[in-house]
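Notes for the structure review
Below are the chains, spelled out letter by letter.
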Amino acid sequence: MTDVRRLAAVLDEAARTARAVPQPQPEPGYDVAAAYRVQDELLRLRLDRGDRLAGVKLGLTSEGKRRQMGVHDVIFGRVPESSAVLDGSHADVSGYIHPRVEPEVVYLIGRRVESVADALAPGAVAAVAPGIEIIDSRYRDFRFSLPDVIADNTSAAGYAIGPWRSYDSARWNLGVVFEIDGRPVQVGSTAAILGDPRRAVVEAARLAVQVGVVLEPGWILLAGAATPAEPLSPGAHVRVEIQHLGSVSFTAKGVGGDTAAEAGDAGKAGKAGKAGKAGKTGAGTTGGAGTGVAAGTSGRTS
Ligand code: OOG
Ligand code: MG
């Protein structure tokens, strides 16, 4: 029997103190269903501290990401409001372990989605925006199995959203340019997302039903990165531009986590004095005017 609460507590502590933990030993019964129970418990711990849910995310929806991580199933996670990074801002990244960034398509859920049929109904998506996700595995060396990454809330750590546009489902195959410090580090197409990013809403609905979650109007949905992720270094200027959707960017400030010291995973002991995540992003609004997206968090709650 998986000790759901203990695993959630370990992952929660790892995130709050920015100290990586070992992957759990494989245990009989520790399967995808058990891992989603750990994710639920992890979310409950955050909500108990006053955080709120901004929405949900998919991960490993593109071949580039699957190959990069060596995990080949689509995963579903929760996006806490407190992890928002304001478009164009300076984001303090000192509270992460070994952060990476990746380009995202972000959908704004327009109506209650309780089933795959709801996801296919008109108005399921109200708006779309370019996004950047910050991922930060709580496991050492950013290595995990499928249940591990699900339990760890799919490495969710932060997100920035660019300007919202009304959703035009005909515009699904769009060029993506992902830049760091003004140089393209990845280029791709939104078509890399499940072969067609419109499938992301259906896939999110399918997984939400499986996990027992209803997608609420005003929630965001991160469709999963169209390209592999890149390390996020202090000082880096990160920008994502998606054809027809526009761009989103932020600049990382602060002193990074374990990225530099991670070779061989040495040197963890010296991190005890780390300041944790307080005030990390100076979180801001996530939505543009008139979108009705949940917004206006002020400061991190973790
Ligand atoms: C898991 C999260 C994947 C995406 O967009 O594919 C994800 C990871 O790579 O750590 O967010
Ligand atoms: Mg992602």
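Residues numbered from 1 in each chain as written. Chains lettered and ligands numbered in written order. Predicted model: local features only at pLDDT ≥ 70, side-chain atom pairs only at ≥ 80, totals over all residues. Heavy atoms only, no water.

**A closer look at the side chain of Lys57**
Position of Lys57 among the secondary structure elements: in strand S1 (residues 53–59). What Lys57 contacts, discounting residues up to four positions off in sequence, is Ile75, Phe76, Gly77, Arg78, Val79, Glu133, Ile135, Thr154, Ala156, Leu221 and Leu222. (Helix = DSSP H or I, 4+ residues; strand = E, 2+ residues; numbered from the N terminus. Contact = heavy atoms within 4.5 Å.)

**Observations concerning helix H1 (residues 4–17)**
For H1, spanning 14 residues, the distance from its first C-alpha to its last is 20 Å, which sits close to the expected 20 Å at 1.5 Å a residue. Turning to H1, its buried residues number three or more, namely Val4, Leu7, Ala8, Leu11, Asp12, Ala14 and Ala15. Looking straight down H1, one finds that the buried residues subtend no more than 160° of arc, so they occupy a single side. In this structure, the buried side of H1 is in contact with helix H2 (32–48) and helix H5 (146–151). (Expected span 1.5 Å × (residues − 1). Buried < 20%, exposed > 50% of the residue type's maximum accessible area, 1.4 Å probe, protein only. Arc of directions from axis to C-beta.)

**Observations regarding the coordination of the magnesium ion (ligand 2)**
Between any two of four tetrahedral donors, the ideal angle at the metal is 109.5 degrees; between two of six octahedral donors, it is 90 or 180 degrees. Summarising the metal site, the magnesium ion (ligand 2) is bound by the protein donors Glu102 (OE), Glu104 (OE) and Glu133 (OE), whose distances to it range over 1.9 to 2.1 Å. Counting the intervening residues between successive donors of the magnesium ion (ligand 2) yields the motif E-x1-E-x28-E. Taken individually, Glu102 and Glu104 each receive the classification buried, so the pair is uniform in this respect. (Donors = N, O, S within 2.8 Å, 3.2 Å for Na, K, Ca; no water.)

**Points about the sheet that holds strand S9 (residues 175–180)**
Sheets are built from strands paired through backbone hydrogen bonds, the pairs being either parallel or antiparallel. Within the open sheet, the five strands sit side by side as S4-S14-S13-S9-S10. Their pairing is mixed. Of all the strands in the sheet, the pair left with one neighbour each is strand S4 (90–92) and strand S10 (183–189). Going from strand to strand, the sheet's axes swing by 20° on average, the running direction of each strand aside. Pairing analysis gives five bridges linking S9 to strand S13 (residues 237–242), with the strands arranged antiparallel. Looking across to S13, one finds that Glu179 is bridged to Arg239. (Pairing = 2+ DSSP bridges. Axes fitted to C-alpha atoms, helices over the stretch in contact; angles between N-to-C directions.)

**Quick look at the packing of aromatic side chains**
Per the stated rule, a full pass over the model turns up two aromatic pairs. Plain terms: the ring middles of Tyr107 and Tyr167 are 5.6 Å apart, the flat faces sit at 85° to each other, and that makes the pair edge-to-face. Separated by 60 residues along the polypeptide, Tyr107 in strand S5 (residues 100–109) and Tyr167 in the loop between strand S8 (165–166) and S9 bring together distant segments of the chain. Between the aromatic rings of Phe142 and Phe144, the centroid separation amounts to 6.4 Å while the plane-to-plane angle is 50°, which identifies the pairing as tilted. Each member of the pair, Phe142 as well as Phe144, carries the same accessibility label: buried. (Phe/Tyr/Trp six-rings, centres within 6.5 Å; stacked < 30°, edge-to-face > 60°.)

On their own, these measurements won't tell you what the molecule is for.
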